[in-house]
Amino acid sequence: EPDEPSGYTPLGREDDQVLRPQRMEDMVGQREVYERLMIAVDAARIRQETLGHILLDGPPGLGKTTFATCIPRALDVPLQIASGAALSAPKDLLPYLTNAQEGSVLFIDEIHRLPKAVEEFMYPAMEDFRIDITLGEGVSARTVNMALRPFTIIGATTRSGLLSAPLRDRFQVREHLDFYSHEELTEITRRNARKLRVEIDDEAALKIAICSRGTPRITNNRLRWVRDYATTKAAGKITLPVAEAALGMLGVDPLGLDPQDRKYMETILRVFHGGPAGVEAIAHTLNLAVDTLTDEVEPFLLRSELVVRTPRGRKLTAKGYEHLGVSPDAVING
Ligand code: ADP
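Residues numbered from 1 in each chain as written. Predicted model: local features only at pLDDT ≥ 70, side-chain atom pairs only at ≥ 80, totals over all residues. Heavy atoms only, no water.

1. Quick word on the overall build of the protein chain
Phase 1 of the analysis: Along its length, the protein chain carries 15 helices and 9 strands.
Phase 2 of the analysis: By principal-axis analysis of the C-alpha atoms, the protein chain measures approximately 70 × 50 × 30 Å.
Phase 3 of the analysis: Classification of the 334 residues of the protein chain by burial places 47% in the buried group.
Phase 4 of the analysis: Long-range contacts, defined here as pairs at least 24 residues apart, represent 68% of the contacts in the protein chain between residues at least 6 apart.
Phase 5 of the analysis: For the protein chain, the accessible area works out to roughly 16,500 Å², and carbon and sulfur atoms hold 49% of it. (Helix = DSSP H or I, 4+ residues; strand = E, 2+ residues; numbered from the N terminus. Buried < 20%, exposed > 50% of the residue type's maximum accessible area, 1.4 Å probe, protein only. Contact = heavy atoms within 4.5 Å. Areas by Shrake-Rupley, 256 points an atom, 1.4 Å probe, with all protein chains shown as cover.)

2. What about the packing of helix α11 (residues 259–270) against helix α13 (residues 290–303)?
Phase 1 of the analysis: The geometry of α11 relative to α13 is characterised by a closest axis approach of 11 Å and an angle of 85° between their N-to-C directions. Classified by the interaxial angle, the pair formed by α11 and α13 is roughly perpendicular. Along the contact surface, α11 presents Q260, D261, Y264 and M265, while α13 presents L293, V297, E298 and L301. (Axes fitted to C-alpha atoms, helices over the stretch in contact; angles between N-to-C directions. Parallel < 35°, antiparallel > 145°, perpendicular 65-115°, else oblique.)

3. Description of unusual backbone geometry
Phase 1 of the analysis: Cis peptide bonds are those with omega within 30 degrees of zero, and the linkage from G275 to P276 qualifies with 5°.
Phase 2 of the analysis: Tracing the backbone shows P276 in the loop between α11 and α12 (279–286).
Phase 3 of the analysis: Located in the positive-phi region is E110, a residue other than glycine, with phi close to 50°.
Phase 4 of the analysis: Residue position: E110 is located in the loop between β3 (105–109) and α5 (116–128).

4. Focus: the pattern of salt bridges
Phase 1 of the analysis: Taken as a whole, this structure holds 20 salt bridges when the rule is applied.
Phase 2 of the analysis: Notably, a salt bridge pairs R23 with E25, separated by 3.4 Å at the nearest N-O pair.
Phase 3 of the analysis: Look at R23 and you get partly exposed, because its relative accessible area is 46%.
Phase 4 of the analysis: What emerges from the salt-bridge pattern is a single network uniting E187, R190, R191 and D202. (Salt bridge = Lys/Arg side-chain N within 4 Å of Asp/Glu carboxyl O.)

5. Points about the nonpolar core
Phase 1 of the analysis: Counting 51 residues, the largest nonpolar core has L37, F67, I71, Y264 and M265 as the members making the most contacts within it.
Phase 2 of the analysis: Considering every element that reaches this core, the biggest residue donor is helix α2 (residues 31–47), with 6 residues.
Phase 3 of the analysis: If we skip the residues at most four places from it in the chain, F67 touches M24, M27, Q30, V33, Y34, L37, L56 and L177.
Phase 4 of the analysis: Counting residues in each nonpolar core, the second largest holds 26 residues, with I108, L114, I131 and I153 among its members. (Core = buried A, V, L, I, M, F, W, Y, C linked by side-chain atoms within 4.5 Å.)

6. Describing the environment of V252
Phase 1 of the analysis: Position of V252 relative to the elements: it lies in the loop between α10 (240–249) and α11.
Phase 2 of the analysis: Distance in space between the C-alpha atoms of V252 and R222 is 9.7 Å, their sequence separation being 30 residues.
Phase 3 of the analysis: Not counting chain neighbours up to four residues away, the residues in contact with V252 comprise C211, R222, L247, L257 and R262.

7. Describing the confidence of the model for the protein chain
Phase 1 of the analysis: When pLDDT is averaged along the protein chain, the result is 93, and 94% of the positions lie at 70 or above.
Phase 2 of the analysis: Low pLDDT, under 50, characterises residues 1–10; the stretch is placed with 18 contacts to residues that sit more than four places away or in other chains.
Phase 3 of the analysis: Here the complex is predicted with pTM 0.92, and the ipTM for its interfaces comes to 0.99. (pLDDT = per-residue confidence, 0-100.)

Okay, here's the thing in structure tokens:
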């Protein structure tokens with residue numbers, strides 16, 4: 001069981017645990033990342049050494065936490081879990097560092113949110129497995145240097161660009177997780193339907209995959225919803241018409257975009273005449289946090305080439321206009 005001094009529970013609902021792959025071999029997709037991580041893990045195991053620190057970045061829901069939980073299992077070492085957002089001072093990080101068993105893993109989610117002071121406190125811990133701690137206060141304060149047991153930090157971030165270079169450089173392995181293909185998400189849908197004990201057609205599994213914005217977490221959410229729909233309206237079996245009707249009720253369109261995605265695109269179209277529009281202005285109009293837009297909404301739309309980022313702001317592409325069913329000329333000519 002992970003040790004959670006701060007009461008932080010990043011692994012989500014108990015429900016989520018049912019669908020989360022438990023072992024590296026159960027991970028679908030991300031083949032290149034998977035192979036490189038496996039080599040690092042196997043080498044550490046064969047040489048009986050502590051695994052180097054690993055940084056995983058990429059949009060939410062692509063498997064950073066899942067990799068971080070499977071790696072210690074592959075090494076048969078304990079895992080501690082912390083969140084950058086909850087570590088506001090070095091003293092918050094201290095118990096994790098002193099609790100760390102030799103060779104164990106400390107997973108720090110949202111590592112870009114660590115305050116500077118905590119980050120700097122971590123540097124010697126990562127580099128030499130030592131920390132400086134201050135004892136006492138005022139004139140009687142003194143600093144002692146304390147040795148830690150060698151351990152591994154796995155950091156996860158939605159935006160590695162926000163990490164300072166000194167922190168980024170202290171990770172021996174840095175991997176970027178990208179969106180999943182329809183084939184990979186179809187496979188995840190099929191496997192998870194089995195885990196949820198619901199029957200599903202191949203075409204229905206593909207439909208759910210296409211409607212998942214390239215993201216396994218969304219696949220799981222859509223699958224659960226379609227399953228509920230099938231239970232109440234279709235005697236429990238997920239066929240293509242059942243999947244289409246259920247996803248239609250969520251307002252998911254043929255590209256898998258949800259109402260929030262379309263509202264974002266329509267805001268650029270109607271309020272900003274197709275763009276370019278600054279992200280703050282768009283966020284303000286939508287009444288959303290800028291971080292929510294840049295971390296959760298935009299990556300998939302940029303990746304799908306519906307929107308582009310220019311030095312002057314976000315713009316709809318020709319494909320974006322087409323998806324909204326309007327012609328770019330109509331907007332330009334008023
Ligand atoms: P992140 O930490 O990047 O936000 P998670 O690791 O929490 O994402 O992944 C969200 C969910 O998606 C997991 O609970 C798991 O069920 C599913 N998932 C993620 N990656 C994979 C994968 N490679 N294969 C199968 N399921 C996955």
